[in-house]
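Residue-level listing of the chains:
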Amino acid sequence: TRPSPFLEPGSVTTADNLAIVLLSRDNLQPITLEESSGAVDGYAEGTMLNTRFGSFPHSTLLNIPWGSQVRASAVDTGSRGRKRRREATDEDTPTTGPDDEDNQPGSKGAKKAIAAASGFIHILRPTPELWTSSLPHRTQVVYTPDYSYILQRIRVVPGTRIIEAGSGSGSFTHASARAVYNGYPQAETDVKGKVFSFEFHETRYHKMQEEIEGHRLEGIVHVTHRDVYQGGFLAGGKSPQATAVFLDLPAPWEALHHLSRQRPKKLKESDKGENEEWVSPLDPKQSVHICTFSPCIEQVTRTIEEMRELGWTDIDMVEISNRRFSTIRERIGANLPAEKGNIQTPADVMEAVDRLRQINKKTKEFHKSQALSTNNSADASEMDIDTPPPTSHKSKANVKEPENEEDTKPWMHGKLYHRAEAELKTHTSYLVFATLPREWSDEDEAAAAARWPCGQ
Ligand code: SAM
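Computed from a predicted structure; not experimentally measured.

> Where do I start with the overall build of the protein chain in this structure?
Helix and strand content of the protein chain: twelve helices and 15 strands. With 456 residues in all, the protein chain has 43% of them scored as buried. Expressed as a percentage of contacts within the protein chain between residues at least 6 apart in sequence, the contacts between residues at least 24 apart total 70%. A total accessible area of about 25,100 Å² is found for the protein chain, and carbon and sulfur atoms account for 51% of it.

See the structure below:
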């Protein structure tokens, strides 16, 4: 089987694979690319992606490099196709801002887009970040600023075996699948990085299974349908041997006793699930790092109380307050020192207009002198500032060479400004982190004593 496009996407788009369509800056749409021979759904061109920016036969999106820009096609819709296209366009009414409108030719309103059909899209390789921004929401999800921090705090690296509950919409699952990936297991006994995900809501569990298979992650992600408060964290009757745990549950403290080294004292008969003999779901030879994700401080308090009772150490709470800044360079004028004869960034609009007039005047003078020196009869006074100075050999002689290397660097021109962008979509919660030290048996003690004998 082919690997997941999230893990090994290859360099070009392929059929039966997920791709993320970038319609505009904040409008992403996941699609599975299909190869079709002959008409599909009334379209002579085969399977079609209909957007407010035009129609895109899948054949135009296949076998092209990830990141390609694709222009809309003039398609033979037929009456059925036309109806469908209009429906799709109306449903697709975007939640886009002026940036998006500017981004697409002929995009002022859906009807105009149909008529023009001259827009474009970009086709992007799936990443957990893009999936988080485009996935179908079944629950609240964990967003990128949180999961990137969580994954590094609980030390998830290629090869880690992580327990996650509940799976929800699979946002965290995809991020952790990429983080643990160190190859697909070839045999039952092959210990590779893996995500053990648990979900007790039946419909969500089935949807999650479908997505994991559709995204070819089934060798990496193992989803179990279970109430973890009762049934704990064995997968297929076996210990995941996990070293990392992430709990996004309404009552994480109810699940913690299953994450012990020894059979928990408070294990009720009804809590055994498939863990009859009681086997720990944790790797006995390594420390385990956990994160719980809770929106209320009361939940945090109860979780920490339970953690303390169960021997977790280094307990610590963090709240991520993510801010995205947009950085732009002011292009009018330049920020180079005045003594070099450079134009400074203007303070206001009037000053900017004044500067532009000066530039216009200088450009006209330049062209006039050019015309005179070459006996050129062209009417230089017709030139305006939109006409760049000629780049011919002769004209270069008249252009002042930059005095030093700094003057030629484009990033030295204009001033840098930044402003905070509108709040990033995020589900703010308190993150509780803790560590459970590795198991320490009598044999470990004896081995340590033999290696470092006391008093010698
Ligand atoms: N982290 C997920 C994501 O990034 O998409 C979102 C998780 S969602 C907020 C919480 C999920 O936990 C829900 O889907 C819910 O059905 C599930 N859940 C709640 N209690 C559970 C339990 N006792 N056992 C297993 N899953 C549970």
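Picking up where we left off.
> How should the sheet that holds strand β6 (residues 120-124) be read in this particular structure?
Either a parallel or an antiparallel arrangement is found when strands of a sheet pair, and the pairing is made through backbone hydrogen bonds. Strand order in the open sheet formed by four strands is β2-β1-β6-β5, with antiparallel pairing between adjacent strands. Of all the strands in the sheet, the pair left with one neighbour each is β2 (27-32) and β5 (69-71). Direction aside, the axes of adjacent strands within the sheet are offset by 35° on average. The pairing of strand β1 (residues 18-24) with β6 spans three bridges and is classified as antiparallel. Opposite L22, over in β6, you have H122 as the bridge partner.

> Help me understand the nonpolar core in this model?
Taken as a class, soluble globular proteins show a tendency for nonpolar side chains to be buried jointly. Core analysis: the biggest nonpolar cluster contains 40 residues, and I150, I154, V156, I162, F172 and V221 have the highest contact counts within it. The greatest single-element share of this core, amounting to five residues, is contributed by helix α6 (residues 171-180). Setting aside its immediate chain neighbours within four residues, F172 contacts V142, Y147, I150, L151, I162, E164 and F246. Membership of the second largest hydrophobic core comes to 24 residues, among which are F196, L247, L282 and A434.

> What is the right way to read the environment of D444 from this model?
Tracing the chain through its elements places D444 in helix α12 (residues 442-451). By relative accessible area, D444 is classed as buried at 15%. Those residues in contact with D444, other than ones at most four positions away along the chain, are K285, R438 and E439. At 3.0 Å, the side chain of D444 forms a polar contact with the side chain of S441.

> What is the right way to look at the packing of aromatic side chains in this model?
Any aromatic ring pair is given by two values, namely how distant the centres are and how the planes are angled relative to each other. Using the criterion set out here, one finds six aromatic pairs in the structure. When the centroid spacing of 6.0 Å and the interplanar angle of 65° are considered together, the rings of F246 and F293 count as edge-to-face. Within this pair, whereas F246 is found in strand β10 (residues 244-247), its partner F293 is found in strand β11 (residues 288-294), the two being separated by 47 residues in sequence. Residue F246 shares its accessibility class with F293, and that shared class is buried. An aromatic cluster is built from F172, F246 and F293, whose rings are joined through pairwise contacts. Lying across the ring of F433, R153 places its NZ or CZ 4.2 Å from the centre.

> Explanation requested: the site of the ligand in the structure shown.
Lining the immediate environment of the ligand, one finds 22 residues, of which S169, E199, R204, D227 and D248 sit closest. Separating an oxygen atom of the ligand from a backbone N or O atom of G170 is a distance of 3.2 Å. Interatomic distance of 2.5 Å between a side-chain N/O atom of E199 and an oxygen atom of the ligand. Expressed as a share of its isolated accessible area of 600 Å², the protein-covered part of the ligand is 93%. If you list the elements that add at least two residues to the shell around the ligand, you get α6 and α8 (228-231). Classifying every residue of the shell around the ligand by side-chain character gives eight nonpolar, nine polar and five charged.

> Could you clarify how one ought to interpret the confidence of the model for the protein chain in this entry?
As a general rule, the predicted coordinates of low-pLDDT regions are not to be interpreted in detail. When pLDDT is averaged along the protein chain, the result is 80, and 74% of the positions lie at 70 or above. A low-confidence stretch, residues 105-116 (pLDDT under 50), is modelled with 20 contacts involving residues beyond four sequence positions or located in other chains. Scored below 50 in pLDDT, residues 376-399 makes 28 contacts in the model with residues more than four places away or belonging to other chains.

> Looking at this structure, how should I read the side chain of E306?
In this structure, E306 sits in helix α9 (residues 297-309). With a relative accessible area of 11%, E306 lands in the buried category. Here E306 is in contact with W253, L256, H257 and K266, once residues within four sequence places are set aside.

> What's the story with the pattern of salt bridges in this structure? I'm lost.
If charged atoms from side chains of opposite charge come close, those side chains can pair. For the structure shown, the criterion picks out five salt bridges. A salt bridge links R178 to E129; its shortest N-O distance comes to 2.7 Å. Taken together, the positions of R178 in helix α6 and E129 in helix α4 (residues 128-134) put the pair 49 residues apart, joining distant regions of the chain. The residue R153 makes a salt bridge to D316 at a minimum N-O spacing of 2.7 Å. Here D316 lies in strand β12 (residues 313-319) and R153 lies in helix α5 (residues 144-153), a separation of 163 residues in the sequence.

> In this structure, what is going on with the sheet that holds β12? I would like to understand it.
Strand order in the open sheet formed by seven strands is β9-β8-β7-β10-β11-β15-β12, with mixed pairing between adjacent strands. Each end of this open sheet is capped by a strand with a single partner; those strands are β9 (221-225) and β12. In this sheet, neighbouring strand axes are inclined to one another by 15° on average, regardless of whether the strands run parallel or antiparallel. Along the sheet face, α5 touches β7 (161-165), β10, β11, β12 and β15 (430-436) and points at about 10° away from the line of β15. Relative to β9, helix α7 (residues 202-214) is tilted by about 160°, and along the sheet it contacts β8 (194-199) and β9.

Rules used throughout
Residues numbered from 1 in each chain as written. Predicted model: local features only at pLDDT ≥ 70, side-chain atom pairs only at ≥ 80, totals over all residues. Heavy atoms only, no water. Helix = DSSP H or I, 4+ residues; strand = E, 2+ residues; numbered from the N terminus. Buried < 20%, exposed > 50% of the residue type's maximum accessible area, 1.4 Å probe, protein only. Contact = heavy atoms within 4.5 Å. Areas by Shrake-Rupley, 256 points an atom, 1.4 Å probe, with all protein chains shown as cover. Pairing = 2+ DSSP bridges. Axes fitted to C-alpha atoms, helices over the stretch in contact; angles between N-to-C directions. Core = buried A, V, L, I, M, F, W, Y, C linked by side-chain atoms within 4.5 Å. Polar contact = N/O pair within 3.5 Å; in protein donor to acceptor, adjacent residues only side chain to side chain. Phe/Tyr/Trp six-rings, centres within 6.5 Å; stacked < 30°, edge-to-face > 60°. Lys NZ or Arg CZ within 6 Å of the ring centre and 35° of its normal. Near = heavy atom within 4 Å. Nonpolar A, V, L, I, M, F, W, Y, C, P; charged D, E, K, R; others polar. pLDDT = per-residue confidence, 0-100. Salt bridge = Lys/Arg side-chain N within 4 Å of Asp/Glu carboxyl O.

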